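The chain contents come next:
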Amino acid sequence: RVQTGRTNLSVTGAVEEDGFFYAPDPSSQLACAIAGNIAMNSGGAHCLKYGVTTNNLMGVTMVLMTGEIVEIGGAHLDAGNLDLLGLICGSEGQLGVVTEATLRILHKPEGARPVLVGFDDNEVAGACVSDIIKAGVLPVAIEFMDALCIKTCEEFAQAGYPDCQALLIIEVEGSEAEIDDQLARIVKIANQHNPVEVRESKSAEESAAIWLGRKSAFGAMGQISDYMCLDGTIPVSELPMVLRRIGELSDQFGLPVGNVFHAGDGNMHPLILFDANKPGDLELCEEMGAEILKLCVDAGGCLTGEHGVGIEKRDLMTYQYAPADLEAQLAVKDVFDPHWLLNAAKVFPLAVSHDRRAEQIAAE
Ligand SMILES: Cc1cc2nc3c(=O)[nH]c(=O)nc-3n(C[C@H](O)[C@H](O)[C@H](O)COP(=O)(O)OP(=O)(O)OC[C@H]3O[C@@H](n4cnc5c(N)ncnc54)[C@H](O)[C@@H]3O)c2cc1C
């Protein structure tokens, strides 16, 4: 049980001596708070196996707009009463203020080992991810980096990444025998895609450097250019097509894109590079970002993976949702926050939230 101002990383810090850990591991975990994780339903590199925040949250204490304090969920999964926990997790701070949470902590695995698989083509790497998932192997993480991100992260972390066009970091865990068995199956699938390099980590230090490079990607990319980080999700089988289309959009808009993302669950993070000092570049970047997010929806995915809708994507909500779907979401907010005061400008198009607030006030 934690107070929600606590940072994500400190939860594992508090229990690891006893052999436990808290699974959701956003790259921002050193700084982000459990409250923010719950509001955004945050994920991370290792969520492919353990699920995101909603799968590791058992209960919350929440202060309602009336000032009342309610307990939602409980001390174990599937606690009694109406199941409102899923409604709260991912609601982007629009329904109430979450002050405490009961989190699921897990036994640390016996061991873990990442393998680096390099390819000379983005689409081929995407096809390899799709084949691993189709084969029913479940690594803890499958992370993707393209050439720009590999080079930038390597300079930052000296992780020993191969010099190639696309890199997968695939981590499996368990006993030594389980690790060997899973890696053998993964390497067999990877070899069917002509990788330029397949290299297993040989030590805990090497594994730490591999993850430092990946987890520092956003900061490292910020050292080379201004960029806008997108967050959308697609079915894994569509990875090759979506990566190809992102490349085409990059050519069309004349803005470079770096791709670094949680490939195993199709959570894309294209980083669009632009020059904040060049008039019009930010607007061009936002226009291109909107096209990429629409592409995610068209591919059968959605506008967000783990960063939420917020202000950036509120105008795209009508692209993903039919009017009746949006109306159902608005009606939920009416119940918890009738005056539309909590993060009122987020998630829904401004005109919609403005009208809603006016309607609620007029009805009183
Ligand atoms: C470099 C970088 C890397 C990132 N990597 C990841 C990643 O790997 N995975 C991922 O999921 N996200 C990632 N993020 C996004 C972000 O860190 C997460 O969404 C995180 O969970 C937000 O937590 P926070 O404490 O920063 O929240 P904030 O940004 O402070 O708040 C997020 C939202 O939560 C609401 N909120 C805050 N406190 C409460 C409360 N007590 N009750 C109700 N609502 C509340 C706020 O109003 C806001 O709408 C990354 C961000 C950065 C900058």
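Residues numbered from 1 in each chain as written. Predicted model: local features only at pLDDT ≥ 70, side-chain atom pairs only at ≥ 80, totals over all residues. Heavy atoms only, no water.

**Focus: the overall build of the protein chain**
- Secondary structure assignment for the protein chain yields 14 helices and 15 strands.
- The C-alpha radius of gyration computed for the protein chain amounts to 21 Å, which stays within 12% of the reference 21 Å derived for 364 residues, consistent with globular compactness.
- Taking the principal axes of its C-alpha atoms as reference, the protein chain extends roughly 65 × 55 × 35 Å.
- A buried classification covers 51% of the 364 residues belonging to the protein chain.
- Contacts in the protein chain between residues at least 24 apart in sequence constitute 72% of all its contacts with a sequence separation of at least 6.
- Accessible surface, the protein chain: about 16,200 Å² in total, of which carbon and sulfur atoms supply 53%. (Helix = DSSP H or I, 4+ residues; strand = E, 2+ residues; numbered from the N terminus. Rg over C-alpha atoms; globule rule 2.2 N^0.38 Å. Buried < 20%, exposed > 50% of the residue type's maximum accessible area, 1.4 Å probe, protein only. Contact = heavy atoms within 4.5 Å. Areas by Shrake-Rupley, 256 points an atom, 1.4 Å probe, with all protein chains shown as cover.)

**Looking at the packing of aromatic side chains**
- One pass over the full model with this rule turns up 3 aromatic pairs.
- Judged by centre distance (4.7 Å) and plane angle (20°), the rings of Phe144 and Phe261 are stacked. Residue Phe144 is found in strand S8 (residues 141-146), and its partner Phe261 is found in strand S13 (residues 257-262); the two are separated by 117 residues along the sequence.
- For Phe144, a relative accessible area of 0% puts it in the buried group. (Phe/Tyr/Trp six-rings, centres within 6.5 Å; stacked < 30°, edge-to-face > 60°.)

**Details of helix H10 (residues 239-253)**
- The terminal C-alpha atoms of H10 lie 21 Å apart, and with 15 residues this matches the ideal 21 Å at 1.5 Å per residue to within 8%.
- Taken together, the buried positions of H10 are Leu239, Pro240, Val242, Leu243, Ile246, Leu249, Ser250 and Phe253.
- Along its buried surface, H10 packs onto helix H5 (122-134), S8, S13, strand S14 (267-268), strand S15 (270-274) and helix H11 (281-298).
- Directly after H10, the chain includes Gly254, whose backbone phi takes a positive value near 70°. (Expected span 1.5 Å × (residues − 1).)

**Observations concerning the pairing of S15**
- With 5 of 5 residues buried, S15 lies mostly within the body of the structure.
- Residues Pro270, Ile272 and Phe274 point to one face of S15 and Leu271 and Leu273 to the other, with burial holding for every one of them.
- Summarising the sheet, strand S11 (residues 226-229) and S15 pair through 4 bridges and their orientation is antiparallel. If you follow Tyr227 over to S15, its bridge partner there is Leu273.
- Across 3 bridges, S13 lies against S15 in antiparallel orientation. By the bridge assignment, Asn259 is partnered in S15 with Pro270. (Pairing = 2+ DSSP bridges.)

**So, the domain arrangement of the protein chain**
- Here the protein chain is partitioned into domain 1 (2-107), domain 2 (114-202), domain 3 (219-309) and domain 4 (316-362).
- Relative to domain 4, the C-alpha centre of domain 2 lies at a distance of 42 Å. (Domains from an automatic or database assignment.)

**Brief notes about the sheet that holds strand S5 (residues 97-103)**
- Spatially, the 4 strands line up as an open sheet ordered S1-S5-S3-S4, and their pairing is antiparallel. Edge positions in the sheet fall to strand S1 (2-3) and strand S4 (69-73), since each has one partner strand and no second.
- Looking at chain direction, S1 and S5 are connected through 2 bridges and run antiparallel. Directly across from Gln3, in S5, lies its bridge partner Glu100.

**Thoughts on the side chain of Asp25**
- When you line up the elements, Asp25 lands in the loop between strand S2 (20-21) and helix H2 (34-40).
- A relative accessible area of 6% places Asp25 in the buried class.

**So, the pattern of salt bridges**
- With the rule as written, the count across this model stands at 20 salt bridges.
- In this structure, the salt-bridge partner of Asp25 is Lys215, at a minimum N-O distance of 3.0 Å. Here the residue Asp25 occupies a position in the loop between S2 and H2, and Lys215 occupies one in helix H8 (residues 204-215), the gap between them amounting to 190 residues.
- The exposure class assigned to Lys215 is partly exposed, which follows from its relative accessible area of 23%. (Salt bridge = Lys/Arg side-chain N within 4 Å of Asp/Glu carboxyl O.)

**Structural notes on empty space enclosed by the protein**
- Here the structure, examined in full by the defined rule, presents 1 cavity of 30 Å³ or more.
- Looking at the largest cavity, its volume works out to about 30 Å³.
- Taken together, Gly44, Ala45, Cys47, Leu48, Ala141, Ile142, Glu143, His262, Gly264 and Asp265 form the lining of the largest cavity.
- Residues that form the lining of the largest cavity fall into these classes: 5 nonpolar, 3 polar and 2 charged. (1 Å grid on protein atoms, 1.4 Å probe; cavity = no way out; pocket = protein on both sides within 12 Å on 5 of 7 lines; lining within 4 Å. Points joined across faces, edges and corners; volume = space filled by probe spheres on them. Nonpolar A, V, L, I, M, F, W, Y, C, P; charged D, E, K, R; others polar.)

**A short note on the site of the ligand**
- Close to the ligand lie 23 residues, the nearest being Ser27, Ser28, Ala33, Asn37 and Ser42.
- Take Ser27: an N or O atom from its main chain is 2.9 Å from an oxygen atom of the ligand.
- Contact between the ligand and Lys346: an oxygen atom at 3.1 Å from a side-chain N or O atom of the residue.
- Isolated, the ligand exposes 980 Å² of accessible area, and the fraction of that covered by the protein chains is 67%.
- The biggest single contributor to the shell around the ligand is H2, with 5 residues.
- Along the lines of polarity and charge, the residues of the shell around the ligand split into 9 nonpolar, 11 polar and 3 charged.
- Both domains that furnish three or more residues to the shell around the ligand are identified here as domain 1 (2-107) and domain 3 (219-309). (Near = heavy atom within 4 Å. Polar contact = N/O pair within 3.5 Å; in protein donor to acceptor, adjacent residues only side chain to side chain.)

**A closer look at the layout of surface pockets**
- Considered as a void within the structure, the largest pocket measures approximately 620 Å³ in volume.
- Around the largest pocket, the lining comprises 18 residues; the ones closest to its centre are Thr12, Phe21, Asp25, His46 and Glu171.
- Broken down by secondary-structure element, the contributors of at least two residues to the lining of the largest pocket are helix H1 (8-15), strand S7 (111-119), strand S9 (166-174) and H8.
- Taken together, the residues of the lining of the largest pocket break down into 8 nonpolar, 4 polar and 6 charged.
- Around the second largest pocket, the lining is made up of 25 residues, and of these Gly90, Ser91, Glu92, Gln329 and Val347 lie nearest the centre.
- Taken together, the elements giving at least two residues each to the lining of the second largest pocket come down to helix H4 (85-88), helix H12 (317-320) and helix H13 (323-336).
- If you tally residues by element for the lining of the second largest pocket, the top one is H13, at 3 residues.

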